[in-house]
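In case you want the letters, here they are:
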Amino acid sequence: MTGFPILSVLIAVPMIAAVVCLFVSANTARTLALAATLIDFVLGIMLWMNYDIGGAQWQFVEHAPGIFGPFGWSLGIDGFALMLIMLSVFLMPICIGASWRSITTRVPEYMAAFLFTEVLMIGTFAAQDLFLFYVFFEAGLIPMYLIIGIWGGANRIYASYKFFLYTLLGSVLMFIAMLYMAKTAGTTSIPALMNYDFPAHVQTWLWLAFFASFAVKMPMWPVHTWLPDAHVQAPTAGSVILAGVLLKLGGYGFLRFLLPMFPEASGQLTWLIFGLSAVAVIYTSLVALVQSDMKKLIAYSSVAHMAIVTIGLFAFNRQGIEGAMIMMLSHGLVSGALFLCVGVIYDQLHTREISRYGGLAINMPKYAIFFLFFTMASIGLPGTSGFVAEFLSLMGTYQVSTWTALLCTTSIILGAAYMLFLYRRVVFGEIKSDDVRAMVDLSGREMWLLAPIAAVVLWMGVYPESFLAPMRKDVGVLLARVDRAKPASDSNPTAGKPAATVHSAAHGEAH
């Protein structure tokens, strides 16, 4: 692998395919998009296999200075970026497969938009230059805006504008902060900036500027309202990639920028993150409970799950950060699979209203099993990735703030309430109408979309070490950087008297 620019190739393959897609027929575009995403998946596996666990912090580094004027083409990954790139290249062929039949208008442009999304996601995770990161991060909005605005539902224009304006406005402040940082530190290299000590009073302002952008992307309460609209209007594959990868850009930003670059500000403002996350978990879970639209319910559950990510990241300890990363991977897989499950029945009945369904276990048993599995993974059943993620995140948070951990643990109870309530209404009970009775079980293509995700969710739940090992060293580096700013914990137990002393004291009093 030495000397082979694998990251540039990962970006180039979908880029070239996207351009070619625009000039070919619909069927050719479908095949080409699937081939390109599968090539990227194979390259991703090679990347993971050649990644040296415990080796250098930055691997597969490529640097071509001055290629874009003042800032260069600079790529490289650590364990965090590796895992998120793997998530992207794994979900992308599934998205192309999910759109095989359901998208019939402007197919070449649709496939090109998805391939461009892949280019920009991989670029964001691999960028080592501040402004290169910004270009990839912001440009990711454009294909998603088009996917929602052109191939979305009835209210798609409103949803796409809202999505675009929310995420763009947050990022304007981040750009100003980046200009200041590049001028002050004299470099735009992300690894160099991660070890640069900005003055404490400046850190707070820079932290808030970056937070404005990443909080919208996560999304955190109260700037989450664009997400349910975007999900409901987006086509199935659009929802999968939005929940699966695009929301993770916010969590990646916290890991890559807020914590290592502004440790003092992160320590001082932990209360803000904990407060917003605790509200998000309880509030959005209760909102999910009363939804009548399946996609909206899963969208609100996403906000609650991403709040578990933010408390884990700001726990300033290994369990919290590792739990947050596993939560990002787990949520990407599970919520993506749940949106695919909604897509399967939407393609047949063309409605997302929960009340229209019921009794699907009778005529769609395979579907009922997959849907149940992903419902359980979303709740956090032991043996699935959701359990590992929630357990580690909440355990890490408990060491810092018992109250936050207590409030956020309600996500397990409320999550079970809204997901099982959804499942019972859709799958169990009697079949109410003839059109539901006429629905057919999963086709071979749909099985191929859901089975790989189910396998990885199980793998992550049973043997999370495969996913934790590449990140272990990076978590250590991050903790060493932020340890000095760690907030005081409220959960330090006071040591009682040893049992023997208590016993002898009681014995003396009896005499």
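This is a predicted model, so every value here is computed, not measured.

(A) Main features of the overall build of the protein. Helix and strand content of the protein: 24 helices and 2 strands. On C-alpha atoms alone, the protein measures out to a radius of gyration of 23 Å, which is about the 24 Å that the 2.2 N^0.38 rule sets for 511 residues. For the protein, the C-alpha atoms occupy an extent of roughly 90 × 65 × 40 Å along the three principal directions. Sorting the 511 residues of the protein into buried and exposed places 61% on the buried side. Partitioning the intrachain contacts of the protein with sequence separation of at least 6 by distance along the chain shows that 82% fall at a separation of at least 24. Accessible surface for the protein amounts to roughly 19,200 Å². Of this, 69% is attributable to carbon and sulfur atoms. Side-chain charges of the protein comprise 26 positive and 26 negative groups, with the mean position of each set lying 5 Å from the other.

(B) Local environment of the layout of surface pockets. Taken as a whole, the largest pocket holds about 390 Å³ of empty space. For the largest pocket, the lining is made up of 24 residues, of which Ser-102, Ile-103, Trp-151, Pro-235 and Tyr-346 are closest to its centre. Elements that contribute at least two residues to the lining of the largest pocket include exactly α6 (141-151), α10 (226-233), α11 (236-246) and α16 (318-349). Top element by residues in the lining of the largest pocket is α16. It accounts for 4 residues. Considering only enclosed or pocket space, the second largest pocket measures out at about 260 Å³ in volume. Forming the walls of the second largest pocket are Leu-34, Leu-38, Phe-41, Phe-90, Pro-93, Ile-94, Gly-97, Trp-100, Arg-445, Trp-448, Leu-449 and Pro-452.

(C) Representation of the side chain of Lys-295. Its location among the elements puts Lys-295 in helix α15 (residues 294-313). For the buried Lys-295, no salt bridge is present, and the opposite-charge side chain at shortest range is Asp-293, 7.6 Å distant. Setting aside chain neighbours within four positions, we find Lys-295 in contact with His-231, Val-232, Ala-234, Pro-235, Thr-236, Ser-239, Phe-339, Val-342 and Arg-352.

(D) The packing of α16 against helix α23 (residues 465-482), seen in detail. At a minimum axis separation of 10 Å, α16 and α23 run at an interaxial angle of 135°. By the angle between their axes, α16 is oblique relative to α23. For the pair α16 and α23, the crossing hand works out as right-handed. Across the interface between the two elements, Arg-318, Ile-321, Glu-322, Met-325, Ile-326 and Leu-329 from α16 touch Phe-467, Leu-468, Met-471, Arg-472, Val-475, Gly-476, Leu-478 and Leu-479 from α23. Taken together, the residues that form the contact of α16 with α23 break down as 10 nonpolar, 1 polar and 3 charged.

(E) Quick look at the pattern of salt bridges. Enumeration according to the criterion identifies 7 salt bridges in this entry. Across the pair Glu-322 and Arg-318 runs a salt bridge whose closest N-O atoms are separated by 3.1 Å. Taken together, the residues span about one helical turn, with Glu-322 and Arg-318 both in helix α16 at a distance of 4 residues. Judged by relative accessible area, Glu-322 falls into the buried class, the value being 7%. You can call Arg-318 partly exposed: its relative accessible area is 30%. A salt bridge links Arg-445 to Glu-446; the nearest nitrogen and oxygen atoms lie 4.0 Å apart. Looking at Arg-445, the relative accessible area reads 21%, which means it is partly exposed. Accessibility expressed as a relative area gives 10% for Glu-446, which makes it buried.

(F) Seen up close, empty space enclosed by the protein. Scanning all chains against the criterion turns up 6 cavities of 30 Å³ or more. The space that makes up the largest cavity amounts to roughly 110 Å³. Taken together, 14 residues make up the lining of the largest cavity; nearest its centre are Gln-57, Met-194, Pro-260, Val-477 and Leu-478. When contributions to the lining of the largest cavity are tallied by element, the ones reaching two or more residues are α12 (248-261) and α23. It is α23 that contributes the most residues to the lining of the largest cavity, 4 residues altogether. Tallied by class, residues from the lining of the largest cavity come to 8 nonpolar, 2 polar and 4 charged.

(G) Main features of the packing of aromatic side chains. For the structure shown, the criterion picks out 31 aromatic pairs. Note on Phe-125 and Tyr-252: the rings are 5.1 Å apart at their centroids and 85° apart in plane angle, and the pair reads as edge-to-face. Remark: Tyr-252 occurs in helix α12 and Phe-125 occurs in helix α4 (residues 107-126); sequence separation between them is 127 residues. Both residues of the pair, Phe-125 and Tyr-252, belong to the buried class. Both rings, one in Phe-210 and one in Phe-257, keep their centres 5.3 Å apart while their planes meet at 25°; by these two values the pair is stacked. Of the two residues, Phe-210 sits in helix α9 (residues 200-217) while Phe-257 sits in helix α12, which places them 47 residues apart along the sequence.

(H) Quick peek at a nonpolar patch on the surface. Judged by side-chain polarity, Ile-157, Tyr-161, Leu-165 and Leu-169 come together as a nonpolar surface patch covering roughly 430 Å² of accessible area. Of note, Ile-157 is situated in helix α7 (residues 156-185). The exposure class assigned to Ile-157 is partly exposed, which follows from its relative accessible area of 46%.

(I) Layout of helix α18 (residues 365-379). Taking 1.5 Å of rise per residue, 15 residues should cover 21 Å, and α18 covers 21 Å from first to last C-alpha, within 8% of that figure. Every buried residue of α18 is accounted for by Tyr-367, Ala-368, Phe-370, Phe-371, Phe-374, Thr-375, Ala-377, Ser-378 and Ile-379. Packed against the buried residues of α18 are α15, α16, α17 (360-363), α19 (385-398), α20 (402-427) and α22 (444-462). Phi turns positive, to about 100°, at Gly-380, one or two residues after α18.

(J) Highlighting unusual backbone geometry. Omega for the bond connecting Met-218 with Pro-219 falls within 30 degrees of zero, at -10°, which places this linkage in the cis form. Counting through the fold element by element, Pro-219 comes out in the loop between α9 and α10. A cis amide bond links Trp-221 to the next residue, Pro-222, at an omega of 5°. Structurally, the position occupied by Pro-222 is in the loop between α9 and α10. Even without being a glycine, Arg-106 presents a positive backbone phi close to 45°. Here Arg-106 is to be found in the loop between α3 (79-98) and α4. Overall, the relative accessible area of 52% leaves Arg-106 in the exposed class. Here the phi dihedral of Phe-316 falls at roughly 60°; this positive angle occurs in a residue that is not glycine. Topologically, Phe-316 is positioned in the loop between α15 and α16. Among the residues examined, Phe-316 registers a relative accessible area of 3% and is labelled buried.

Reading guide: rules and limits
Residues numbered from 1 in each chain as written. Predicted model: local features only at pLDDT ≥ 70, side-chain atom pairs only at ≥ 80, totals over all residues. Heavy atoms only, no water. Helix = DSSP H or I, 4+ residues; strand = E, 2+ residues; numbered from the N terminus. Rg over C-alpha atoms; globule rule 2.2 N^0.38 Å. Buried < 20%, exposed > 50% of the residue type's maximum accessible area, 1.4 Å probe, protein only. Contact = heavy atoms within 4.5 Å. Areas by Shrake-Rupley, 256 points an atom, 1.4 Å probe, with all protein chains shown as cover. Lys, Arg positive; Asp, Glu negative; His and termini not counted. Charge placed at Lys NZ, Arg CZ, Asp CG, Glu CD. 1 Å grid on protein atoms, 1.4 Å probe; cavity = no way out; pocket = protein on both sides within 12 Å on 5 of 7 lines; lining within 4 Å. Points joined across faces, edges and corners; volume = space filled by probe spheres on them. Salt bridge = Lys/Arg side-chain N within 4 Å of Asp/Glu carboxyl O. Axes fitted to C-alpha atoms, helices over the stretch in contact; angles between N-to-C directions. Parallel < 35°, antiparallel > 145°, perpendicular 65-115°, else oblique. Left-handed = near helix turned anticlockwise from the far one by under 90°. Nonpolar A, V, L, I, M, F, W, Y, C, P; charged D, E, K, R; others polar. Phe/Tyr/Trp six-rings, centres within 6.5 Å; stacked < 30°, edge-to-face > 60°. Patch = residues over 30% accessible without salt bridge, like charges linked within 9 Å, V, L, I, M, F, W, Y side chains within 5 Å. Expected span 1.5 Å × (residues − 1).

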